[in-house]
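These are the residues of each chain, in order.
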Amino acid sequence: MVYEILEVLLPILIPIGFGAGPLLFSWIAGNTYQKRKMNQVSEREKTTMAAFGGRDPLTSTVNLYPSADITHGRLLTANVSIGPSWWQFLLASLKKLVGGRIYVFDRVLEFGRREALQRLREIAQAEGVDHVINVRLDTAMIVVNKGGDSKTGAMEIFAYGTGVHVAKPAADA
């Protein structure tokens, strides 16, 4: 009796398992991995900002507020390359059929931007700068094939800014 049930179900379950199995694994493993990486970035952000006295050393403005005397500065750069999972590519392909915004890539982009900015903060901390002004982000797509409809690809997010040292007030004698 059991052998007869297996004889009927096995030809059905094997193709389903091999077809949907990798996508299901990609969905579970990808979501778990991305959540863990986002939590790690959040913890690193808190630690780095605490090292800067509870403030974010990055700013997109050219000037410091309140105004401060800048003694010298230099270019600081950081980058990260990231890519979506198979599951996210599948969902994006399905969304392309009906049109509209492809939301599945938002989490990947959010992680990449936060990671690039956090790496810039860590570089600023290691270099001993007080602030990083005029911070900018640049994003580039890395596509494997020449046809344009790639099933593999990644994004590089490049963060850069000017790390500046601020003149310290003179100690009263």
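Conventions and cut-offs
- Residues numbered from 1 in each chain as written.
- Predicted model: local features only at pLDDT ≥ 70, side-chain atom pairs only at ≥ 80, totals over all residues.
- Heavy atoms only, no water.
- Phe/Tyr/Trp six-rings, centres within 6.5 Å; stacked < 30°, edge-to-face > 60°.
- Buried < 20%, exposed > 50% of the residue type's maximum accessible area, 1.4 Å probe, protein only.
- Helix = DSSP H or I, 4+ residues; strand = E, 2+ residues; numbered from the N terminus.
- Core = buried A, V, L, I, M, F, W, Y, C linked by side-chain atoms within 4.5 Å.
- Contact = heavy atoms within 4.5 Å.

Describing the packing of aromatic side chains
Consideration 1: This model, assessed by the stated rule, comprises one aromatic pair.
Consideration 2: With a centroid separation of 5.5 Å and an interplanar angle of 35 degrees, the aromatic rings of Phe158 and Tyr160 are classed as tilted.
Consideration 3: Judged by its relative accessible area of 29%, Phe158 falls in the partly exposed class.

A word on unusual backbone geometry
Consideration 1: Even without being a glycine, Asn134 presents a positive backbone phi close to 55 degrees.
Consideration 2: Considering the arrangement of structural elements, one finds Asn134 in strand E2 (residues 131-143).
Consideration 3: The partly exposed category is assigned to Asn134, whose relative accessible area is 27%.

With respect to the nonpolar core
For soluble globular proteins, the rule of thumb is that nonpolar side chains tend to be buried together.
Consideration 1: Within the largest apolar cluster, 20 residues are counted, with the highest numbers of intra-cluster contacts made by Leu76, Ile82, Leu120, Ala124, Val132 and Ile157.
Consideration 2: Among the secondary structure elements, those contributing two or more residues to this core are helix H1 (2-51), strand E1 (70-82), helix H3 (106-127), E2 and strand E3 (153-166).
Consideration 3: For this core, the element with the highest residue contribution is H3, accounting for six residues.
Consideration 4: Discounting residues that sit within four places of it in the chain, Ile157 has contacts with Ala78, Asn79, Val80, Ile82, Leu109, Gly112, Arg113, Ala116, Leu137, Asp138 and Thr139.

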